[in-house]
Amino acid sequence: MVILGIETTCDETAAAVVRRTEDGQGRILSNVVLSQVSEHAQFGGVVPEIAARAHVEALDHIIAQAMAEAHTSFAALDGVAAAAGPGLIGGVIVGLTTAKAIALAHDKPLIAVNHLEAHALTARLTDATPFPYCLFLASGGHTQIVAVLDVGRYVRLGSTIDDAIGEAFDKTAKLLGLGYPGGPLVETEAARGDPARFALPRPMAGRRDADFSLSGLKTALRIEAEKIAPLSDQDVADLCASFQQAVVDVVKDRLRSGLSMFRVRIGTPNALVCAGGVAANQAIRKVLHRLAFEVGTELVAPPPALCTDNGAMIAWAGAERLALGLTDPLDVAPRARWPLDQLTKVAPSLPSRGGG
């Protein structure tokens with residue numbers, strides 16, 4: 001089957017066409033992403049109203065480009081998928097409404113995709129990863145550890161109780177005057193800094209649960225920066241290195257707890273999967289490799305372009321759901337909040353489907 005996917009939940013306007021074969025293999029026919037970073041950079045973060053207007057202006061052209069690159073037509077599609085949440089509601093409305101119009105005009109099934117489920121299933125598109133597996137999702141808006149049992153069957157093992165990891169990186173960059181988006185800039189500065197110079201806390205470390213907390217770490221960094229202001233270039237590098245090392249240590253501790261919970265409740269995961277822009281951080285990636293080795297599994301890390309928001313992941317999630325006969329009515333509502341583990345209520349002890 002061939003599916004058009006539309007993604008507009010934050011500051012990327014994206015569309016893609018993906019093919020799914022009967023045996024569950026996936027192929028990306030096109031994947032077009034227009035970033036709005038330049039529109040939001042001067043504000044140090046995403047402005048919802050600006051994002052929504054940019055989606056309106058660009059989406060039709062992005063879809064046309066995706067269809068042209070895939071050498072296909074609306075008539076040849078088997079379905080139209082759009083991210084229906086969670087996300088900035090203005091942007092979600094733009095993408096979902098456009099998908100509804102295409103589905104109605106061409107008499108195609110509509111699939112309203114949970115944006116987090118799309119991240120969760122990307123490893124099956126890129127690596128045909130069999131269920132069940134453990135997902136570490138870390139981005140500007142989300143930080144979660146999730147047991148992925150099947151399409152629509154998820155158990156949240158841990159999440160952040162305040163800031164997402166990506167958000168903490170962005171706020172650290174803003175505090176230190178580095179610019180936006182902050183994650184890559186902090187990582188670059190950290191590479192030339194001393195991670196042991198500042199004694200920053202490791203929030204939640206040692207707890208038996210798998211939850212995260214980043215607000216205290218962010219506050220501690222601000223206090224250290226204020227103590228030595230004005231900051232030299234080396235001060236900034238050392239603060240970034242100390243912050244990044246603290247995050248790495250927190251990820252290692254929290255994910256180790258999450259994997260332990262996975263083994264107790266479900267069994268050995270077929271993979272540790274990472275998704276979200278934070279997964280591109282090389283220091284964090286090294287820890288993920290080590291943790292996967294510890295539990296006797298492999299790390300599956302889709303290419304960076306498929307870890308961040310994109311249309312291919314939406315199209316693939318739509319294809320996975322359509323293959324099971326799961327479609328949505330044209331009056332399906334957009335959602336600003338839509339927890340992944342509330343897609344369906346699943347008992348962790350239930351057996352899950354196997355491979356791709």
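Every value quoted in this text rests on a predicted model; they were computed, and no experiment measured them.

## Considerations on the overall build of the protein
Here's step 1: Broken down by element type, the protein carries eleven helices and ten strands.
Here's step 2: The globule rule puts the C-alpha radius of gyration for 356 residues at 21 Å, and the 20 Å found for the protein is close to it.
Here's step 3: The 356 residues of the protein split such that 54% are buried.
Here's step 4: A separation threshold of at least 6 residues defines the contact pool for the protein, and within that pool the share at least 24 residues apart is 75%.
Here's step 5: As displayed, the protein has an accessible area near 14,300 Å², and 53% of this comes from carbon and sulfur atoms.

## Some points on the environment of P132
Here's step 1: Within the secondary structure, P132 sits in the loop between α4 (115–127) and β6 (133–138).
Here's step 2: On the basis of relative accessibility, which here comes to 14%, the residue P132 falls in the buried class.
Here's step 3: Along the primary structure P132 and Y154 are separated by 22 residues, whereas in three dimensions their C-alpha atoms are 9.6 Å apart.

## Brief notes about the pattern of salt bridges
Here's step 1: Across all of its chains, the model carries 16 salt bridges by this definition.
Here's step 2: Notably, a salt bridge pairs E224 with K227, separated by 3.5 Å at the nearest N-O pair. With E224 and K227 both in helix α7 (residues 215–228) and three residues apart, the pair spans about one turn of that helix.
Here's step 3: Note that R254 and D253 form a salt bridge whose closest N and O atoms lie 2.9 Å from each other.
Here's step 4: Residues participating in the shared-partner salt-bridge network are D163, E167, K171 and K218.

## Remarks on the packing of aromatic side chains
Here's step 1: Following the criterion strictly, the structure yields three aromatic pairs and no others.
Here's step 2: Pairing F131 with Y133 gives two aromatic rings, centres 5.8 Å apart and planes at 5 degrees, and the pair type is stacked. Side by side, F131 and Y133 carry an identical accessibility label, which is buried.
Here's step 3: Relative to F212, the ring of F136 lies with its centre 6.2 Å away and its plane at 25 degrees, an arrangement referred to as stacked. Separated by 76 residues along the polypeptide, F136 in strand β6 and F212 in the loop between α6 (182–190) and α7 bring together distant segments of the chain.

## Quick word on unusual backbone geometry
Here's step 1: Cis geometry marks the peptide bond from G85 to P86; its omega dihedral reads -10 degrees.
Here's step 2: Along the polypeptide, P86 turns up in the loop between β4 (79–85) and α3 (89–106).
Here's step 3: The step from F131 to P132 runs through a cis peptide bond, and the omega angle for that step is -10 degrees.
Here's step 4: You will see that D107, though not glycine, has its phi angle at about 55 degrees, which is positive.
Here's step 5: With respect to the element layout, D107 can be found in the loop between α3 and β5 (110–114).
Here's step 6: Its relative accessible area of 69% is what places D107 among the exposed residues.
Here's step 7: With phi around 50 degrees, A128 is a residue other than glycine that occupies positive phi space.
Here's step 8: Of note, A128 is situated in the loop between α4 and β6.
Here's step 9: With a relative accessible area of 24%, A128 lands in the partly exposed category.

## Quick word on the sheet that holds β5
Here's step 1: Reading across from one edge, β3-β2-β1-β4-β5 is the order of the five strands in this open sheet, with mixed pairing throughout. Each end of this open sheet is capped by a strand with a single partner; those strands are β3 (26–35) and β5. Taking each pair of neighbouring strands and ignoring which way they run, the sheet shows an average axis angle of 20 degrees.
Here's step 2: One ladder, built from five bridges, connects β4 with β5; its direction is parallel. Following the sheet pairing, A82 is matched in β5 by A112.
Here's step 3: Set on the sheet, helix α2 (residues 48–69) makes contact with β1 (2–7), β2 (12–20) and β3; between it and β2 the angle comes to about 25 degrees.

## Describing α6
Here's step 1: Those residues of α6 lying buried are G182, G183, V186, E189 and A190. Angular distribution of buried residues about the axis of α6 spans 135 degrees; they occupy a single face of the element. Exposed residues pointing more than 90 degrees away from the buried face of α6 are listed as P184 and T188.

## Thoughts on the pairing of β2
Here's step 1: The buried fraction of β2 is high, at eight of nine residues.
Here's step 2: Linking two consecutive strands that pair antiparallel, namely β1 and β2, is a turn of four residues.
Here's step 3: Across nine bridges, β2 lies against β3 in antiparallel orientation. In the sheet register, A15 faces β3, and the bridge partner there is V32.
Here's step 4: Between β2 and β3, which pair antiparallel one after the other, the connecting turn spans five residues, and G24 there sits at a positive phi close to 90 degrees.

## Quick notes on the nonpolar core
Here's step 1: Membership of the largest hydrophobic core comes to 63 residues, with the highest contact counts inside it found for L4, I6, I63, L121, L135, V148 and Y154.
Here's step 2: Excluding anything up to four places from it in sequence, I6 contacts A14, L59, I63, A81, A82, A83, G95, T98, A99, I102 and I314.
Here's step 3: Counting 48 residues, the second-largest nonpolar core is a separate cluster that includes L176, A190, V236 and L299.

Quick notes on the rules
Residues numbered from 1 in each chain as written. Predicted model: local features only at pLDDT ≥ 70, side-chain atom pairs only at ≥ 80, totals over all residues. Heavy atoms only, no water. Helix = DSSP H or I, 4+ residues; strand = E, 2+ residues; numbered from the N terminus. Rg over C-alpha atoms; globule rule 2.2 N^0.38 Å. Buried < 20%, exposed > 50% of the residue type's maximum accessible area, 1.4 Å probe, protein only. Contact = heavy atoms within 4.5 Å. Areas by Shrake-Rupley, 256 points an atom, 1.4 Å probe, with all protein chains shown as cover. Salt bridge = Lys/Arg side-chain N within 4 Å of Asp/Glu carboxyl O. Phe/Tyr/Trp six-rings, centres within 6.5 Å; stacked < 30°, edge-to-face > 60°. Pairing = 2+ DSSP bridges. Axes fitted to C-alpha atoms, helices over the stretch in contact; angles between N-to-C directions. Arc of directions from axis to C-beta. Core = buried A, V, L, I, M, F, W, Y, C linked by side-chain atoms within 4.5 Å.

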